[in-house]
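Structural overview
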Amino acid sequence: MKRRNFLKVSGLASAGLAVSAEAKPLEQRRLISGAPCVLSTWRHGVDANKAAWAVLDQKGSALDAVESGVRVTESDPESQSVGLGGLPDREGKVTLDACIMDHESNCGAVAFLQNIENPISVARRVMETTPHVFLAGKGAYRFAREQGFPHTELLTEKSRKAWEKWRENEKAEKPPINQENHDTIGMLALDAEGNLSGACTTSGWAYKLHGRVGDSPIIGAGLFVDNEVGAACATGMGEAVIRIAGSATVVELMRHGYSPQQACQEAVERIKAKHKDLKGLQVGFLALNRSGEVGAHSVYAGFDYAYRDAQSEEMRKASFDRNW
Ligand code: GLY
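Residues numbered from 1 in each chain as written. Predicted model: local features only at pLDDT ≥ 70, side-chain atom pairs only at ≥ 80, totals over all residues. Heavy atoms only, no water.

**Topic: the packing of aromatic side chains**
Applicable threshold: Any Phe, Tyr or Trp ring, taking Trp's six-membered ring, that has another such ring centre within 6.5 Å forms a pair; planes under 30 degrees apart are called stacked, those over 60 apart edge-to-face, and the others tilted. We count a stretch as a helix when DSSP gives it H or I for four or more residues in a row; a strand needs E for two or more, and each element gets its number in order from the N terminus. Three labels apply to residues, based on accessible area from a 1.4 Å probe with only protein chains included: buried if under 20% of the type maximum, exposed if over 50%, partly exposed otherwise in between. Consider the ring centre and the ring normal. A charge sits over the ring if Lys NZ or Arg CZ is within 6 Å of that centre and within 35 degrees of that normal.
According to the stated counting rule, one finds two aromatic pairs in the structure shown. Centroid distance Trp-42 to Phe-303: 5.1 Å. Interplanar angle 65°. Geometry classified as edge-to-face. Here Trp-42 is found in the loop between strand S1 (37-41) and helix H3 (45-57), whereas its partner Phe-303 is found in the loop between strand S10 (294-300) and strand S11 (304-309), with 261 residues between them in sequence. Since its relative accessible area comes to 5%, Trp-42 is described here as buried. Residue class for Phe-303 comes out buried when judged on its relative accessible area of 2%. Aromatic side chains Trp-166 and Tyr-207 sit 4.6 Å apart centroid to centroid with 15° between the ring planes, which places their arrangement in the stacked category. Highlighted residues: Trp-166 in helix H7 (residues 157-169) and Tyr-207 in the loop between strand S6 (196-202) and strand S7 (223-226), separated in sequence by 41 residues. Side by side, Trp-166 and Tyr-207 carry an identical accessibility label, which is buried. Here Arg-167 stacks its cationic end above the ring of Trp-163, 4.1 Å away from the centre of that ring.

Below you can see the structure in the form of structure tokens.
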């Protein structure tokens with residue numbers, strides 16, 4: 001598609017997000033690869049980034065870094081939206097979704113996986129040892145067990161009590177999307193070779209219908225990596241992210257000249273345009289391009305992310321459109 005047409009289709013003008021005059025589509029730009037860095041969604045990203053940075057600092061691959069990083073959050077029983085200790089569905093079952101993608105566009109995913117603590121590593125095993133991309137449910141569990149992953153009870157006492165309390169007050173209404181029940185870890189990394197990888201893992205929307213799968217395991221929705229351009233991941237209401245192929249959209253916008261920040265903002269604009277009612281509809285995007293430039297934007301205030309490189313280790317606030 002010609003660039004002029006692309007801009008027309010993108011609704012860029014209506015979103016009021018002008019691309020800078022210097023912005024050029026990828027074929028006219030040379031993105032010089034940046035120094036190693038890692039970023040991940042929410043405060044639990046700090047510890048996850050430490051593990052990822054230990055890999056990157058030793059000149060390890062971005063792929064190893066993101067897997068090691070998000071495993072920390074998956075195995076943390078205090079993190080109630082990812083892995084062990086994740087809040088269950090309305091039947092009291094903890095069901096996990098995850099995906100991983102590398103610099104050669106290899107990818108693997110698992111969804112509706114139960115009783116396995118580290119779905120990200122199962123996703124990587126799907127990517128590396130099968131001809132498939134995506135395994136779900138019982139088949140994913142059986143595959144994980146065959147691969148040597150132990151059976152683990154994922155419902156902790158704390159999460160069971162929270163679920164029981166929710167059941168007492170349940171009014172068949174959707175539980176709110178907020179930091180406490182929906183904060184998925186998405187992680188993006190750039191390594192010393194200039195390669196990008198990403199990982200995304202979650203227990204999903206707390207008290208969801210049994211069988212519900214969100215954006216996190218869907219390549220192009222919860223996560224997307226294109227080593228020529230950049231990488232993106234999403235957090236928040238997965239249903240809304242899926243509707244706009246969120247992370248693939250962010251990466252594609254970067255290919256067409258948007259900075260990572262502009263790309264995240266435009267993706268949020270598209271979500272807003274597709275929903276009449278934005279009440280409680282929180283979605284946030286993170287983006288990283290080959291040069292190491294970062295973007296982060298959400299519908300509502302409160303989305304923050306952890307960043308780490310050789311010079312800095314910090315929490316950063318994403319820009320946002322609305323206060324709650
Ligand atoms: N973004 C996580 C989910 O909706 O499941």
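Structure shown, so let's carry the discussion forward.
**A look at the pattern of salt bridges**
For clarity, the cut-off: The rule for a salt bridge is simple: a side-chain nitrogen of Lys or Arg has to be within 4 Å of a carboxyl oxygen of Asp or Glu.
One pass over the structure, following the stated rule, counts 17 salt bridges. Measuring nitrogen to oxygen at the nearest pair gives 2.7 Å for the salt bridge that ties Lys-272 to Asp-321. Here the residue Lys-272 occupies a position in helix H10 (residues 260-274), and Asp-321 occupies one in strand S13 (residues 319-322), the gap between them amounting to 49 residues. Each of the salt bridges in this network shares a partner with another, and the network as a whole consists of Asp-64, Glu-67, Arg-124 and Glu-128.

**A few points about the sheet that holds strand S8 (residues 230-236)**
Our working definition: At least two bridges found by DSSP between two strands is the condition for calling them paired. For helices, the axis comes from a line fit to the C-alpha atoms of the stretch in contact; other axes are also lines fit to C-alpha atoms, and the angle between any two N-to-C directions lies between 0 and 180 degrees. We call two residues in contact whenever any of their non-hydrogen atoms come within 4.5 Å of each other.
Spatially, five strands are ordered S7-S8-S9-S10-S13 in an open sheet, and the strand pairing comes out mixed. Only two strands of the sheet have a single partner each, and these edge strands are S7 and S13. On average, adjacent strands in this sheet sit at an angle of 10° to one another, irrespective of strand direction. Across the sheet, helix H9 (residues 246-255) lies against S7, S8 and strand S9 (283-289), angled at about 145° from S8, the strand it touches most. H10 rests against S9, S10 and S13 of the sheet, and its axis sits at about 25° to S10.

**Focus: the environment of Ile-120**
Counting through the fold element by element, Ile-120 comes out in helix H5 (residues 119-129). In the structure, Ile-120 is positioned 10 residues away from Val-110 in sequence and 7.9 Å away in space, judged by C-alpha atoms. In this structure Ile-120 touches Glu-67, Val-70, Arg-71, Glu-74, Ala-98, Cys-99, Ile-100, Ala-199 and Cys-200, once residues within four positions along its chain are discounted.

**Considering the packing of H5 against helix H6 (residues 137-146)**
For clarity, the threshold we go by: For this classification, under 35 degrees means roughly parallel, over 145 means roughly antiparallel, 65 to 115 means roughly perpendicular, and everything else is oblique. Lys, Arg, Asp and Glu make up the charged group, whereas Ala, Val, Leu, Ile, Met, Phe, Trp, Tyr, Cys and Pro make up the nonpolar group; the residues left over, Gly among them, are polar.
Two elements in contact, H5 and H6, have axes whose closest approach is 10 Å; the angle formed by their N-to-C orientations is 80°. Comparing the axis directions of H5 and H6 gives the class roughly perpendicular. Along the contact surface, H5 presents Val-122, Arg-125, Val-126 and Thr-129, while H6 presents Ala-140, Phe-143 and Ala-144. Split by residue class, the contact of H5 with H6 holds five nonpolar, one polar and one charged.

**Regarding the sheet that holds S1**
One open sheet holds the eight strands; their spatial order is S4-S3-S2-S6-S5-S1-S11-S12, and the pairing between them is mixed. Unpaired on one side and paired on the other, strand S4 (134-136) and strand S12 (313-317) mark the two borders of the sheet. Strand-to-strand twist across the sheet, computed as the mean angle between neighbouring axes with direction ignored, equals 10°. Note: strand S2 (residues 96-101) against strand S3 (residues 107-113), five bridges, orientation antiparallel. Note that in S3 the partner of Ala-98 across the bridge is Val-110. Its contacts with the sheet put H5 on S2, S3, S4 and S6, and the angle it makes with S3 is roughly 130°.

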